[in-house]
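Descriptive structure summary
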Amino acid sequence: MRLRLYPTLFGFMAMAVPAAFAQSPYESSEDFAKYAMKLRESALLKIEPQVFVPTSGRSVVSGRYPWKLKIVATVFWVGERAAGANPVPNYKSSWDPDWEANYGGFDNPDTSARRNYIPVAFTPRLNPFYFALPYNDVTHGTTKPEAYQVIPWFKETFDKPGHSVLQNRWIAIRNHAGKVCYAQWSDCGPFRTDHWQYVFGDETPKPNINQGAGLDVSPAVRDYLGFASKDEVDWKFVEARDVPSGPWARYGENNDFVINARKSSVRMVKQSDSDMPKVIIH
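Because the structure is predicted, anything quoted here is derived from the model rather than measured. (Residues numbered from 1 in each chain as written. Predicted model: local features only at pLDDT ≥ 70, side-chain atom pairs only at ≥ 80, totals over all residues. Heavy atoms only, no water.)

**Quick notes on unusual backbone geometry**
Selection criterion: Here a helix means four or more residues in a row that DSSP labels H or I, a strand means two or more in a row labelled E, and each is numbered from the N terminus.
That bond from Gly189 to Pro190 is cis: its omega, 5°, falls within 30 degrees of zero. Inspection of the secondary structure assignment puts Pro190 in the loop between β10 (180-188) and α5 (196-199). For Lys70, which is not glycine, the phi torsion reads 50° and is therefore positive. Within the secondary structure layout, Lys70 lies in strand β3 (residues 68-75). The phi torsion at Lys230 lies on the positive side, around 80°, for a residue other than glycine. Summarising the element assignment, Lys230 is placed in the loop between α6 (219-225) and β12 (231-238).

**Quick notes on the sheet that holds strand β6 (residues 130-133)**
Defined as follows: Paired strands, as defined in this entry, are two strands with at least two bridges between them according to DSSP. Helix axes use the C-alpha atoms of the stretch in contact, all axes being lines fitted to C-alpha atoms, and the angles between their N-to-C directions lie in the range 0 to 180 degrees.
Taken together, the six strands give a closed barrel; going around it, the order is β3-β11-β6-β10-β9-β12, and neighbouring strands pair in mixed fashion. Neighbour to neighbour, the strand axes of the sheet diverge by 45° on average, direction disregarded. Judged from the four bridges that link them, β3 and β12 form a sheet pairing that is antiparallel. Within β12, the position partnered with Ala73 by the bridge is Asp231.

**Quick notes on the pairing of β12**
How we decide: Summary of the burial criterion: residues with accessible area below 20% of their type's maximum are buried, those above 50% are exposed, and those between are partly exposed, where the area comes from a 1.4 Å probe applied to protein chains only.
With six of its eight residues buried, β12 lies for the most part within the structure. Two strands pair when backbone bridges link them, and strand β9 (residues 170-174) and β12 are joined in this way by five bridges, in the antiparallel orientation. Within β12, the position partnered with Trp170 by the bridge is Val238.

**Focus on the pairing of β6**
Burial along β6 is two-sided: the residues Tyr130 and Ala132 and Phe131 and Leu133 are all buried. Pairing of β6 with β10, which is carried by four bridges, proceeds in the parallel orientation. Among the inter-strand pairings, Leu133 is bridged to a residue of β10, identified as Cys188. Sheet topology places β6 next to strand β11 (residues 215-217); two bridges connect them, and they run antiparallel. From the neighbouring strand, Phe131 faces β11, where its bridge partner is Val217.

Any link to function would need more than the numbers given here.
The following block contains the structure:
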């Protein structure tokens with residue numbers, strides 16, 4: 001018997017084979033190494049999520065939730081300092097006291113300091129496609145009484161009192177040209193955290209110093225949709241399963257795409273390990 005090397009996902013494995021079958025189909029060890037690398041790359045491609053980045057957004061958005069039409073949107077960002085029309089600094093969010101640190105740093109809104117929808121200084125550890133709406137379901141560590149009744153997905157997702165069922169939920173945002181972007185709920189505002197009648201009902205946003213703005217969006221959303229602060233947009237809630245692939249699927253430990261890809265990778269590695277043949281040496 002002779003030992004023969006076989007390529008696997010993580011390297012090579014020695015297996016005993018009869019001498020009659022020990023002749024390699026490759027003319028040299030270099031040819032065999034090239035084949036092994038191709039095999040490994042092919043396996044990794046099956047594990048790593050393939051993100052499709054559309055050149056234009058989808059105008060058709062599925063789901064049971066209605067559109068909120070012609071809502072003034074303003075741009076805000078992680079690490080924004082309090083000034084002028086922004087009375088509250090954004091180094092923390094309504095749900096994360098260490099928002100800026102957990103994000104990875106200051107989400108610089110300057111277009112010259114950004115590339116591919118993220119800051120050039122670092123790779124965000126949270127989804128750079130984020131937004132804020134003027135309602136928080138939690139106050140002083142407890143769940144607000146009306147939250148049980150007004151939040152459509154409350155019963156399906158409620159964990160314990162004081163734990164938000166809004167954080168990281170997805171919405172679709174549509175500009176005047178019909179291009180659609182997707183983002184995750186990461187803070188509450190603008191200006192208020194109690195207007196459930198607008199967020200989940202039929203009311204319009206309350207008057208405020210930002211022309212009655214009813215939605216804050218991140219620089220990534222602004223750049224993808226190509227609009228200026230205080231432009232009007234449409235928005236609606238969407239389930240995570242109805243969010244298509246796009247640049248909003250690339251980054252973030254809170255991102256459903258990233259979380260699901262990691263779970264899939266772990267399952268595939270475990271399956272690969274369980275299917276790996278034993279090394280038998282005679």
